[in-house]
Amino acid sequence: MRRIKIFDTTLRDGEQSPGVALSPDEKLAIAKQLARLGVDVIEAGFPIASPGDFDAVRRIAEEVKGPTIAALARTAKPDIERAAEAVAPAEKRRIHTFIATSPVHMEKKLRMTPDEVVQKAVWAVKFAREFTDDVEFSAEDAGRSDPDFLVRIFGEAIAAGATTINIPDTVGYQVPWKFAELVGYIIENTPGADGVDWSVHTHDDLGMAVVNSLAAVRAGATQVECTINGIGERAGNASLEEVVMALYTRRDFFEAETGVNTRELYRTSQLVSRLTGMVVPPNKAIVGRNAFAHESGIHQDGVLKARETYEIMNAEIVGREAAVMVLGKHSGRHAFKKALAELGYEVDDEELKRLFARFKEIADRKKQVT
Ligand code: KIV
Ligand code: ZN
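In this text, all values refer to a predicted model and were calculated from it rather than measured experimentally.

*Asks:* Looking at this structure, how should I read helix α13 (residues 333-342)?
*Replies:* Note that an α-helix has 3.6 residues per turn; residues three or four places apart therefore point the same way. Considered for burial, the residues of α13 that qualify are A335, F336, A339 and L340. End-on view of α13: buried residues confined to an arc of 140°, all on one side of the axis. Looking at the buried positions of α13, the neighbouring elements they touch are α12 (297-305) and α14 (349-365). Among the residues trailing α13, G344 stands out with phi positive, at a value near 95°.

Right, here's the structure in full:
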């Protein structure tokens with residue numbers, strides 16, 4: 001089994017969700033829960049962004065033990081100094097520095113030539129290494145960058161001292177086949193590739209953040225950057241709980257494992273949803289209200305006979321109550337009888353027939369019969 005590192009960026013990219021602003025106390029509470037969850041790295045914030053962000057990162061660095069605490073910085077001196085100061089108290093600290101590498105970002109946003117971008121990246125990695133020996137370098141918009149330019153800049157960043165190289169699909173443009181090809185090409189061709197962690201960071205603009213990250217794992221990525229409930233800039237990031245449970249449930253295929261305690265997933269999701277105010281859709285995989293609920297009679301009958309007929313994982317493994325049977329108009333006699341028994345009613349076949357007919361009438365009018 002390959003060990004895949006989970007880099008949680010709920011407190012940084014997740015907090016970039018429009019309408020979300022967490023106080024330092026709230027961030028600390030989430031960071032403590034992320035440590036219980038067993039993530040490898042917590043990206044605690046972007047310290048140059050505001051005094052509140054700096055305070056939150058600093059307090060997390062002081063109080064949260066276990067995971068590496070990372071702070072984000074552009075390739076600029078004040079950013080790196082502020083990030084270094086914020087993570088200084090951490091047992092394990094990382095500076096994560098980034099610069100854009102796609103033609104559109106370099107020309108239109110940075111107004112820099114590719115050579116200038118490489119120079120700046122190299123300078124930033126070397127400067128960050130003066131504060132910690134754990135430095136991550138990201139090529140922003142790698143998903144739309146020239147693969148050979150990425151090979152060049154990553155090779156230079158590694159030579160300058162970067163220990164993790166991140167390949168972000170910043171705008172969620174990639175599709176799994178192409179992303180796997182890109183990640184595989186980069187790892188195969190970058191000088192010094194063997195000595196670093198290869199990370200991916202995907203966005204969900206086309207609904208493919210999770211699958212792109214998983215494809216990258218198959219192509220050799222050793223770290224996945226993700227957020228609880230998939231929150232993040234625009235359509236969000238790869239959902240941590242989905243990445244972790246896909247790797248776990250299909251370990252036969254991925255031959256990879258994480259250090260996450262899956263039984264803490266649901267609790268973490270609920271905490272993040274409550275503190276950010278971002279509601280989890282009912283049909284959201286793993287953590288949505290309906291993710292382990294069965295309504296149709298055929299499914300209920302199957303699950304009551306053998307859970308594995310319609311369940312690929314137990315609810316308990318993600319820290320939830322056992323699967324629930326929702327009584328609605330699609331429900332069958334088997335689930336209805338079980339619900340009556342749970343309420344303490346033993347009925348004979350004749351009575352069951354009469355009550356079931358009555359239940360169906362009510363179910364036609366109500367969405368759910370309680
Ligand atoms: O999406 C992105 O490119 C980022 C970087 C800062 C890693 O969030
Ligand atoms: Zn991002």
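That covers the picture; the talk isn't over yet.
*Asks:* How do you make sense of the site of ligand 1 when you look at a structure like this?
*Replies:* Contacts to ligand 1 come from R12, D13, H96, F98, S138, E140, N166, P168, T170, H201 and H203. Side-chain polar atom of T170 to an oxygen atom of ligand 1: 2.6 Å apart, as the coordinates give it. In this structure, an oxygen atom belonging to ligand 1 sits 3.1 Å away from a side-chain N or O atom of H201. Calculation on ligand 1 without its partners gives an accessible area of 260 Å², and the protein chains cover 94% of this total. When contributions to the shell around ligand 1 are tallied by element, the ones reaching two or more residues are β5 (93-100), β6 (135-140) and β7 (164-169). Across the shell around ligand 1, the residue classes break down as 2 nonpolar, 6 polar and 3 charged.

*Asks:* Is there a simple way to explain the packing of aromatic side chains in this structure?
*Replies:* Within a pair of aromatic rings, the relevant descriptors are the distance that separates the centres and the angle that separates the planes. Taken as a whole and judged by the stated rule, the model has 8 aromatic pairs. Ring geometry for F154 versus W198: centroids 5.9 Å apart, planes at 75°, classification edge-to-face. In this pair, F154 is assigned in helix α6 (residues 147-160) and W198 in strand β8 (residues 197-202), connecting sequence segments 44 residues apart. Since its relative accessible area comes to 3%, W198 is described here as buried. Feature note: the residues W123, F127 and F131 constitute an aromatic cluster, connected by ring pairs. The cationic tip of R82 hangs over the ring face of F54; the distance from NZ or CZ to the ring centre is 3.8 Å.

*Asks:* It is not clear to me how the nonpolar core should be interpreted in this structure. Could you clarify?
*Replies:* One recurring pattern in soluble globular proteins is that nonpolar side chains are buried together. Formed by 93 residues in total, the largest nonpolar core has its most connected members in F137, F154, I167 and W198. If we skip the residues at most four places from it in the chain, F137 touches T97, F98, I99, A121, V125, I153, F154, A157, A162, T164, I165 and N166. In this structure, A335, F336, L340 and A363 belong to the second largest nonpolar core, which totals 11 residues.

*Asks:* Can you help me understand the coordination of the zinc ion (ligand 2) in this one?
*Replies:* In ideal tetrahedral geometry, four donors around a metal make angles of 109.5 degrees, whereas ideal octahedral geometry with six donors gives angles of 90 or 180 degrees. Surrounding the zinc ion (ligand 2) are the protein donor atoms D13 (OD), H201 (NE2) and H203 (NE2), at 2.0 to 2.1 Å. Spacing between the donor residues of the zinc ion (ligand 2) along their common chain follows D-x187-H-x1-H. Note that D13 is positioned in the loop between β2 (5-8) and α1 (24-37) and H201 in strand β8, a separation of 188 residues in sequence. You can call D13 buried: its relative accessible area is 3%.

*Asks:* Please clarify how the packing of helix α8 (residues 209-218) against helix α9 (residues 240-249) should be interpreted in this entry.
*Replies:* Put simply, α8 and α9 touch, their axes get as near as 10 Å, and they point 45° apart. Comparing their axes, α9 and α8 come out oblique. Of the two elements, α8 crosses α9, and the hand of that crossing is right-handed. Facing V210, L214 and V217 of α8, the residues of α9 in contact are E242, V243, A246 and L247.

About the thresholds
- Residues numbered from 1 in each chain as written.
- Chains lettered and ligands numbered in written order.
- Predicted model: local features only at pLDDT ≥ 70, side-chain atom pairs only at ≥ 80, totals over all residues.
- Heavy atoms only, no water.
- Buried < 20%, exposed > 50% of the residue type's maximum accessible area, 1.4 Å probe, protein only.
- Helix = DSSP H or I, 4+ residues; strand = E, 2+ residues; numbered from the N terminus.
- Arc of directions from axis to C-beta.
- Contact = heavy atoms within 4.5 Å.
- Near = heavy atom within 4 Å.
- Polar contact = N/O pair within 3.5 Å; in protein donor to acceptor, adjacent residues only side chain to side chain.
- Areas by Shrake-Rupley, 256 points an atom, 1.4 Å probe, with all protein chains shown as cover.
- Nonpolar A, V, L, I, M, F, W, Y, C, P; charged D, E, K, R; others polar.
- Phe/Tyr/Trp six-rings, centres within 6.5 Å; stacked < 30°, edge-to-face > 60°.
- Lys NZ or Arg CZ within 6 Å of the ring centre and 35° of its normal.
- Core = buried A, V, L, I, M, F, W, Y, C linked by side-chain atoms within 4.5 Å.
- Donors = N, O, S within 2.8 Å, 3.2 Å for Na, K, Ca; no water.
- Axes fitted to C-alpha atoms, helices over the stretch in contact; angles between N-to-C directions.
- Parallel < 35°, antiparallel > 145°, perpendicular 65-115°, else oblique.
- Left-handed = near helix turned anticlockwise from the far one by under 90°.

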